[in-house]
Amino acid sequence: MRRHIVPAATTAAAVTGVVVLTLVTGAPAGNAADRPSSAYAIGADGQVPVDRTPYVESRDGRERSSSALELPKNALLSARSATVTAGNDKASVELLDVTVGKGALDSVKLPPELKKSCASLPPTGADDLPIPDLPLPDLGLPLPDLSTLDLPVKNLPDLCNLLLTPPSSILGIDAINVWCAGDKGGVDVGSLTLLGQKIQIPSTEQGAVIPAAPLATITVNQQAQQVDGSFTVTGLTINLGDGAQVIRLASATCAKPAAKATPTPKPTVRPQPVPGNDLGYPPAAPVPTPVKTHHPVTG
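In this text, all values refer to a predicted model and were calculated from it rather than measured experimentally.

Looking at the packing of aromatic side chains
With the rule as written, the count across this model stands at zero aromatic pairs. Here the guanidinium or amino end of arginine 52 rests over the ring plane of tyrosine 55, the centre of that ring lying 4.2 Å away.

Some details on unusual backbone geometry
Non-glycine residue asparagine 221 carries a positive phi angle of around 55°. If you trace the backbone, asparagine 221 turns up in strand S12 (residues 216–225). A residue is classified by how much of its surface remains accessible, and asparagine 221, at 7% relative accessible area, is buried. Unusually for a residue other than glycine, alanine 250 sits at a positive phi of about 60°. Position of alanine 250 relative to the elements: it lies in strand S14 (residues 245–254). Given the relative accessible area of 0%, alanine 250 is considered buried.

What to know about the state of the cysteines
Scanning the model with the defined rule gives two disulfides in all. Covalent S-S linkage joins cysteine 180 and cysteine 254, the inter-sulfur distance amounting to 2.1 Å. Its S-S torsion of about 105° marks the bond between cysteine 180 and cysteine 254 as right-handed, since a negative value means left-handed. One end of the pair, cysteine 180, is in strand S7 (residues 171–181); the other, cysteine 254, is in strand S14, and 74 residues separate them in sequence. In the protein, the bonded cysteines, numbered by position in the sequence, are linked as 1-2, 3-4.

Thoughts on the nonpolar core
With 59 residues, the main nonpolar core has Leu95, Leu171, Ile173, Ile176, Leu236, Ile247 and Leu249 as its most contacted residues. Leaving out residues up to four positions away in the same chain, isoleucine 247 has contacts with Gly43, Ala44, Leu76, Leu77, Val100, Leu236, Thr237, Ile238 and Leu240.

Here we look at the environment of aspartate 60
Structurally, aspartate 60 is set in the loop between strand S3 (50–58) and strand S4 (64–68). The exposure class of aspartate 60 is partly exposed, given its relative accessible area of 40%. In sequence terms aspartate 60 and alanine 258 are 198 residues apart; their C-alpha atoms lie 7.7 Å from each other. Engagement of the side chain of aspartate 60 in a polar contact is seen with the backbone nitrogen of arginine 62, the distance being 3.0 Å. Separated by 2.8 Å, the side chains of aspartate 60 and arginine 64 make a polar contact.

Analysis parameters
- Residues numbered from 1 in each chain as written.
- Predicted model: local features only at pLDDT ≥ 70, side-chain atom pairs only at ≥ 80, totals over all residues.
- Heavy atoms only, no water.
- Phe/Tyr/Trp six-rings, centres within 6.5 Å; stacked < 30°, edge-to-face > 60°.
- Lys NZ or Arg CZ within 6 Å of the ring centre and 35° of its normal.
- Helix = DSSP H or I, 4+ residues; strand = E, 2+ residues; numbered from the N terminus.
- Buried < 20%, exposed > 50% of the residue type's maximum accessible area, 1.4 Å probe, protein only.
- Disulfide = S-S within 2.5 Å.
- Core = buried A, V, L, I, M, F, W, Y, C linked by side-chain atoms within 4.5 Å.
- Contact = heavy atoms within 4.5 Å.
- Polar contact = N/O pair within 3.5 Å; in protein donor to acceptor, adjacent residues only side chain to side chain.

Structure below.
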């Protein structure tokens with residue numbers, strides 16, 4: 001049985017979303033003195049904050065791992081399993097079967113006008129019918145007012161199919177693997193689907209944009225050097241509602257353990273011996289005092 005990962009929240013907002021897939025390369029990185037090597041599978045900021053889960057770090061350079069087979073139940077995000085590992089200037093994450101907004105579209109009801117239009121579609125020749133501009137109900141996130149024109153569909157039949165037979169989730173990823181070693185790292189993302197449609201993941205030297213309203217952005221293979229010199233690779237960063245909710249999946253940070261401070265020895269000064277006080281030196285003889293006396297004369 002799969003469990004989910006954050007407190008309950010309505011997340012059908014992303015159905016309106018355009019997804020932008022971009023690649024961000026990192027600058028050359030050094031070794032960190034303050035931040036340890038670490039890794040986590042899932043974290044989020046925004047309306048529904050999520051602590052880094054599972055999380056592991058290595059401050060002494062020894063390899064440490066953590067796994068989660070069942071994660072806390074919620075309505076926003078789910079995953080089947082995750083394993084994170086961190087050691088001396090290396091880290092990795094394996095995250096399997098991730099779902100964002102599972103069943104979210106099931107709660108979206110068609111406005112009466114749209115429902116009538118969908119029911120009267122002719123069996124052929126409907127591919128050129130335009131998408132009507134009808135408002136959508138409040139989806140539970142701090143987003144601007146949404147309409148059917150914000151949905152990533154091309155025509156009225158596509159719109160009807162999306163809302164009458166909604167996909168099981170907004171976003172689905174079958175696997176994410178992330179690793180780093182020193183100032184190098186990589187990301188491997190398995191099959192990714194948006195609203196039931198498979199998305200081709202770009203290579204590390206390419207970017208891809210799926211045209212629609214910019215309500216959701218996915219950044220793939222984000223690499224960055226931190227100010228302390230550590231190097232971080234994040235597999236996927238999912239931005240919903242222009243920052244209303246940011247989800248980070250599979251993040252690894254590489255750093256060497258901080259060297260232990262060595263105290264500076266204080267110089268040792270041997271005290272100079274003082275006659276009469278130091279051991280091994282006899283006390284000085286007192287100055288004699290003359291004594292006046294009378295000696296008898298003999299002869």
